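# Structural characterization, general
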Amino acid sequence: MKKDAKTMKEVAERCTRYCSCSKDGCRCGSASNSTKGDSVTCQTCTHYDQSKVCDIDLYKEIVKNHNL
């Protein structure tokens, strides 16, 4: 399973559970088309844990379903 920067951005853009909290507020449960931006990546998602894994297990599903 590839986890390069491009793929992680593409996965985050398609993820309906992407959640990134920062000083600008949280973007949790956003529609996938509202997450397009430079900082959108799995690495900035609150579901991406310390062991560099999606703790709700959506990464693999999105990669497979979108042929990433």
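Residues numbered from 1 in each chain as written. Predicted model: local features only at pLDDT ≥ 70, side-chain atom pairs only at ≥ 80, totals over all residues. Heavy atoms only, no water.

### As for the overall build of the protein
From N to C terminus, the protein includes two helices and two strands. Counting from the amino terminus, the protein carries its helices and strands in the arrangement α-β-β-α. Among the 68 residues that make up the protein, the fraction classed as buried is 35%. Summarising the internal contacts of the protein: among those between residues at least 6 apart in sequence, 58% fall at separations of at least 24. (Helix = DSSP H or I, 4+ residues; strand = E, 2+ residues; numbered from the N terminus. Buried < 20%, exposed > 50% of the residue type's maximum accessible area, 1.4 Å probe, protein only. Contact = heavy atoms within 4.5 Å.)

### Brief notes about the nonpolar core
The biggest cluster of nonpolar side chains holds 15 residues, and the ones touching the most others in it are Val11, Tyr18, Cys42, Tyr59 and Ile62. When contributions to this core are tallied by element, the ones reaching two or more residues are helix H1 (5-14) and helix H2 (59-65). (Core = buried A, V, L, I, M, F, W, Y, C linked by side-chain atoms within 4.5 Å.)

### Points about the packing of aromatic side chains
Within the structure shown, the criterion is met by zero aromatic pairs. Across from the ring centre of Tyr59, 5.4 Å away, lies the NZ or CZ of Lys3, which sits over that ring. (Phe/Tyr/Trp six-rings, centres within 6.5 Å; stacked < 30°, edge-to-face > 60°. Lys NZ or Arg CZ within 6 Å of the ring centre and 35° of its normal.)

### Focus: the confidence of the model for the protein
On average, the protein scores 82 in pLDDT, and the residues at 70 or more come to 76%. The secondary structure element of the protein with the lowest average pLDDT is strand S2 (residues 25-28), at 72, and the one with the highest is H1, at 92. (pLDDT = per-residue confidence, 0-100.)

### So, the pattern of salt bridges
Summed over the entire model, instances satisfying the criterion amount to two salt bridges. The residue Lys6 makes a salt bridge to Glu10 at a minimum N-O spacing of 3.4 Å. Of this pair, Lys6 and Glu10 are both found in helix H1, four residues apart, which corresponds to roughly one turn of the helix. Here Lys6 falls in the exposed class, since its relative accessible area comes to 58%. Among the salt bridges present, the one from Lys9 reaches Glu13, with a minimum N-O distance of 2.9 Å. With a gap of four residues between them, Lys9 and Glu13 both fall in helix H1, about one helical turn apart. (Salt bridge = Lys/Arg side-chain N within 4 Å of Asp/Glu carboxyl O.)

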